[in-house]
Amino acid sequence: MTRATAVRAVLAVAVLLVSVFITLTMSPRLGLDLQGGTRIVLQARDTATVEADRETTDRTLEVLRQRIDSLGVSEPTLTRSGEDRIIVELPDVQDPRQAAEVIGRTAQLTFHAVEGPGTDGPQEKSPDPESTTGPESTTDPDPRRLTLPDEQGRSLALGEPRLSGAGVEDASAAFDAQGGSGWTVSLEFRKGAGQDWKKLTGEAACHPAGDDRRRVAIVLDEKVISSPQVDPSVGCRAGLPSGATQITGSFSADEARDLALLIKGGALPVPVEIVEQRTVGPTLGAAAIDASAQAALIGAAATALFITVVYRLFGALAAVALGAYGVISYAALVALGVTLTLPGLAGFVLAIGMAVDANVLVFERAREECADRPKRSLRSALATGFQKAWSAVADSNATTLIAAGLLFFLGSGPVKGFGVTLAIGVLASMFSALVIARALTEIAANSRFVSDYRGVNGIGRPGAVRTWLVRKDPKLFRKPVRWLVVSAALVVVAVAGIVVRGVDLGVEFTGGRLVEYSTSRPVDVETARDSIAAAGFGDAEVTTAGDGDLSVRTGKLDNDGEHAVRAALAEEGGETTKVRDELIGPSLGDELRRNALIALGVAVAVQLAYLAVRFRWTFAVASVVAMVHDVVLVVGAFAWLGRPVDGIFLAALLTVIGYSVNDSVVVFDRVRELWGANRRTPLDTLARRAVLQTVPRTVNTGMGALFILAALAVLGGDSLADFALALLIGIVVGTWSSVFTAVPGALALERGAKAPPPPAPGKGKGTPRGKARSTRRDPLDNGARV
């Protein structure tokens, strides 16, 4: 065992021990779409006097935190997103009506003097002074004066606001057992506001007991929430000090707490609007976790069995490294405190299938070395395989990391979690392949039995697919334009689907509300549609979802309306449970749709820039054309199938972009290598050789991902089926385009290019003509020759 192998083995064992410890002692942080609960996104709005900037949004968040804490929700989470958005996550809250009502109280809390009983009955703000509706119209010189009903419905004429809720420092409910007053609400004002309160109550105390003018009205959202009388013991102009103010009445415990909550948290610096609301039932999240776990086990077992059959002993060692990858990536997610969402869970499962990519690249390279130099030792062939595969491994993983970064920075909500888990999966897979798998295979290669019996180790002989292709030697690119015509025809079919059938944009991109219900008795779609229409929602779209569930989609539906829809379904289906609920405001829908297009455009531009730096511009343009080809085909397939296009689909589409470029990178990396070593050979011949040499890698890697995705598509249910379907289509068309679109496109572009072929391996700038740069000696080669 060499020193380098020993270092890799020790590092692998250390990382695995730490990962196992983290896995056994720490629990993952589940997102609301997995543990169940409600997620609300609030948009702060400007007022005539206050701008909804970062500072005011932060102050609004703190007020909302006080309101939500009073609901008794376990571990609520409030965070600011951007400059003027607030994300509220309420675990285990399935009926968001109370939370939305508490959060949605956006008006300023004000305190008013009562000027007497109202004369015109309950009304809201006084008429506009400039309005003239006839001889009976009234005018009010001060529009700040209100006429509102009190708690008992009696009309009161209120003076202008004397104090705002911003002056309230604290309000608390308490039971007065000694005084016999029952439940009371104590008020405490800030320094300046305390003087205003003392003055307001002192003026009210100048009127006789029982007179309406001795009352003080507390108004929230143009509604009198309390109008207490000033106690008879308070003298005229004396007023109530801040700390000695109590509101008494026939309050129940809940009424006192609600009143204290409204007074304390009633003043928001700026109004807020609910632009997104999602509710997931606990059974849906648990089912998604179980389905993903089953898919991961089945897919990983199928992948491990496949690479063991193909690469024998070394394939089995790669399967061991694959298991280690799963432990390491899971431990990294837990240790970093990453919130595991449903798309993130799918990304974690998908990365298992993609983790074998680096091992396949190395093993295929090692097979080539053994085939070219049969007398070469197994250790030397393996070391050369790792060395020559490094460029393709680095480039392919870099393109996937770019896609993951775009998902994180340009995605929204749970899609960000997919980007994080995908990035962690890529890094963990590189460690498992380049450290763990390499240490295991190098230790095995030291065995004489493994080295001598080449049918056992799995890389001593070329694979059956490669042997057959080399023997047949198909002339793939004699007329490359033919393949471009086929690809163009496929794009025309996809575009026809988009134009004829249209793209079914999900509620996330159009705005509206989508609710999924589960009923105790089966209800057919027509019956459910009639019941919902009878409840006053005739424009609702009703479809089936999952195992007998019903999906209801409407353009606009508030929480009370959703409750009415559920009640209507309950009349036909018995006990009705809300499985999933998504509400997206129209402004947010437009923004998400715009951001999705921006994300796709940025993805194309970033991948083009990276490939142009790493490869020739012709290779970069051809790869990006193939990538766009794949995107159009996937979207077209979903259009023809009538499947929805939503945020999770966008995550799948950006992953397809990374996968497509990944495949093209591997092919062009081989083309570059062969062209540099054979500068006089026609490029189409070299391209054919490169494709035939990399086909085993493409097929074997694709099979690993297909096993995982097929398991997700079958076991994942509606929540993951569309995601898996998009990736299945993307991998198939990506494999096609990397060979039959990217390569013919590069050949067509090279015919008009004037750039010279790439330098031969071992040559670079500053190397004298005709003299190869001295290459680094194989660390397993002692230099002896016979």
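Details of the structure are given in the entry above.
Keep in mind that this is a model prediction, so the values were computed, not measured.

Draft legend 1. Region of the structure containing the overall build of the chain. Tallying secondary structure elements over the chain gives 24 helices and 20 strands in all. Classification of the 786 residues of the chain by burial places 50% in the buried group. Within the chain, contacts between residues separated by at least 24 positions form 79% of all contacts whose residues are at least 6 apart in sequence. If you sum the accessible surface of the chain, you get close to 35800 Å²; carbon and sulfur atoms cover 57% of it.

Draft legend 2. Quick peek at the environment of Leu313. Mapped onto the fold, Leu313 is located in helix α7 (residues 282-335). Using a relative accessible area of 28% as the deciding quantity, one classes Leu313 as partly exposed. Ignoring sequence-local partners within four residues, the contact set of Leu313 consists of Ala444, Val450, Val456 and Asn457.

Draft legend 3. Representation of the environment of Ala404. Relative to the elements of secondary structure, Ala404 occurs in helix α10 (residues 378-410). Taking the C-alpha atoms as reference points, Ala404 and Thr421, 17 residues apart in sequence, are found 8.4 Å from one another. Dropping the residues within four chain positions of it, Ala404 is found in contact with Gly419, Leu422 and Ala423.

Draft legend 4. A look at the sheet that holds strand β12 (residues 245-251). If you walk across this open sheet you meet the three strands as β8-β9-β12, and the pairing is antiparallel. Single-partner strands in this sheet number two, and they are β8 (168-176) and β12. On average, each strand axis in the sheet is tilted by 25 degrees relative to the strand beside it, whichever way the strands run. Taken together, the eight bridges between β8 and strand β9 (residues 182-189) define a ladder with antiparallel strand orientation. Each residue of the ladder has a partner; that of Ala173, found in β9, is Val185. The strands that helix α5 (residues 191-204) touches are β9 and β12; relative to β9, the one it contacts most, it runs at about 120 degrees.

Draft legend 5. Structural detail: the packing of aromatic side chains. Under the definition given, this model contains twelve aromatic pairs. Summarising the aromatic geometry, the rings of Phe111 and Trp197 are spaced 5.7 Å apart at their centres and angled 75 degrees between planes, so their arrangement reads as edge-to-face. In this pair, Phe111 is assigned in strand β5 (residues 110-117) and Trp197 in helix α5, connecting sequence segments 86 residues apart. Taken as a pair, Phe111 and Trp197 share a single burial class, namely buried. Judged by centre distance (5.7 Å) and plane angle (65 degrees), the rings of Phe175 and Trp183 are edge-to-face. Judged by its relative accessible area of 52%, Phe175 is exposed.

Draft legend 6. A look at the state of the cysteines. In this structure the tally under the stated criterion is one disulfide. Two residues share a disulfide in this structure: Cys206 and Cys236, whose sulfurs sit 1.8 Å from each other. Because the torsion about its S-S bond is 80 degrees, the bridge between Cys206 and Cys236 counts as right-handed. Taken as a pair, Cys206 in the loop between α5 and β10 (216-220) and Cys236 in the loop between β11 (223-226) and β12 lie far apart in primary sequence, 30 residues in all. The partly exposed category is assigned to Cys206, whose relative accessible area is 32%. Among the residues examined, Cys236 registers a relative accessible area of 47% and is labelled partly exposed.

Draft legend 7. Molecular detail of the packing of helix α15 (residues 480-500) against helix α24 (residues 742-750). Packing of α15 against α24 leaves a shortest axis separation of 9 Å and a crossing angle of 125 degrees. Taken as axis vectors, α15 and α24 run oblique relative to one another. Handedness of the α15/α24 crossing: left-handed. In this structure, α15 uses Pro480, Trp483 and Leu484 to contact α24, whose residues at the interface are Pro744, Gly745, Leu747 and Ala748. Among the residues forming the contact of α15 with α24, the class breakdown is six nonpolar, one polar and no charged.

Draft legend 8. Representation of the side chain of Asp150 within the structure. With respect to the helices, strands and loops of the structure, Asp150 is situated in the loop between β6 (146-149) and β7 (155-164). Given a relative accessible area of 5%, Asp150 falls into the buried group. Engagement of the side chain of Asp150 in a polar contact is seen with the backbone nitrogen of Gln152, the distance being 3.0 Å. Within the structure, the side chain of Asp150 is placed 3.0 Å from the side chain of Arg215, a separation counted as a polar contact. Discounting chain neighbours no more than four positions away, the residues touching Asp150 are Leu156, Arg215, Val224 and Ser227.

Draft legend 9. A look at the packing of helix α9 (residues 357-372) against α10. Remark: α9 packs on α10, axes separated minimally by 7 Å, with the N-to-C direction vectors making an angle of 140 degrees. Here α10 runs oblique to α9, going by the angle between their axes. Every pair of crossing elements has a handedness; the one defined by α9 and α10 is right-handed. Taking contact as the criterion, the partners of Asp357, Ala358, Leu361, Val362, Arg365, Ala366, Glu369 and Cys370 in α9 are, on α10, Ala381, Leu382, Thr384, Gly385, Phe386, Lys388, Ala389, Ala392, Val393 and Ser396. Residue composition of the contact of α9 with α10, grouped by class: eleven nonpolar, three polar and four charged.

Draft legend 10. Region of the structure containing the nonpolar core. Of all hydrophobic cores here, the largest spans 135 residues; its most connected members are Phe314 and Phe668. For this core, the element with the most residues is α7, which contributes 18 residues. In this structure, Phe314 is in contact with Phe363, Leu378, Leu382, Thr441, Ala444, Ala445, Val450, Asn457 and Ile459, ignoring residues within four places of it in sequence.

Draft legend 11. Looking closely at unusual backbone geometry. The residue Arg237 is not glycine, and still its phi comes out positive at about 70 degrees. Its location among the elements puts Arg237 in the loop between β11 and β12. Residue classification places Arg237 among the exposed positions, given a relative accessible area of 62%. For Arg312, which is not glycine, the phi torsion reads 50 degrees and is therefore positive. You can see Arg312 is positioned in helix α7. With a relative accessible area of 44%, Arg312 lands in the partly exposed category.

Draft legend 12. Structural detail: the side chain of Thr576. Examined against the element boundaries, Thr576 turns out to sit in strand β19 (residues 576-584). On the accessibility criterion, Thr576 (13% relative accessible area) is buried. A polar contact is formed between the side chain of Thr576 and the backbone nitrogen of Ala570, at a distance of 3.4 Å. Within the structure, Thr576 has its side chain in polar contact with the backbone oxygen of Gly574 (distance 3.1 Å). Ignoring anything within four residues of it in the chain, the contact list for Thr576 reads Tyr517, Ser518, Thr519, Arg566, Leu569 and Ala570.

Draft legend 13. View of the sheet that holds strand β18 (residues 549-554). Pairing in this open sheet of eight strands is antiparallel, and the strands run β3-β4-β2-β13-β19-β16-β18-β17 from one edge to the other. Strands at the two margins of the open sheet, each flanked by one partner only, are β3 (77-81) and β17 (541-545). With strand direction ignored, the average angle separating the axes of adjacent strands in the sheet is 20 degrees. Sheet topology note: the strand β2 (residues 37-44)/strand β4 (residues 85-91) ladder contains seven bridges and is antiparallel.

Draft legend 14. Quick peek at the pattern of salt bridges. All chains considered together, the criterion is met by 32 salt bridges. Here Arg215 and Asp150 are joined by a salt bridge, their closest N and O atoms 3.0 Å apart. Residue Arg215 is located in the loop between α5 and β10, and its partner Asp150 is located in the loop between β6 and β7; the two are separated by 65 residues in the primary sequence. As a salt-bridge pair, Asp722 and Arg643 come within 2.7 Å of each other at their nearest N and O atoms.

Cut-offs used in this document
- Residues numbered from 1 in each chain as written.
- Predicted model: local features only at pLDDT ≥ 70, side-chain atom pairs only at ≥ 80, totals over all residues.
- Heavy atoms only, no water.
- Helix = DSSP H or I, 4+ residues; strand = E, 2+ residues; numbered from the N terminus.
- Buried < 20%, exposed > 50% of the residue type's maximum accessible area, 1.4 Å probe, protein only.
- Contact = heavy atoms within 4.5 Å.
- Areas by Shrake-Rupley, 256 points an atom, 1.4 Å probe, with all protein chains shown as cover.
- Pairing = 2+ DSSP bridges.
- Axes fitted to C-alpha atoms, helices over the stretch in contact; angles between N-to-C directions.
- Phe/Tyr/Trp six-rings, centres within 6.5 Å; stacked < 30°, edge-to-face > 60°.
- Disulfide = S-S within 2.5 Å.
- Parallel < 35°, antiparallel > 145°, perpendicular 65-115°, else oblique.
- Left-handed = near helix turned anticlockwise from the far one by under 90°.
- Nonpolar A, V, L, I, M, F, W, Y, C, P; charged D, E, K, R; others polar.
- Polar contact = N/O pair within 3.5 Å; in protein donor to acceptor, adjacent residues only side chain to side chain.
- Core = buried A, V, L, I, M, F, W, Y, C linked by side-chain atoms within 4.5 Å.
- Salt bridge = Lys/Arg side-chain N within 4 Å of Asp/Glu carboxyl O.

By themselves, these are just geometric observations and shouldn't be taken as functional.
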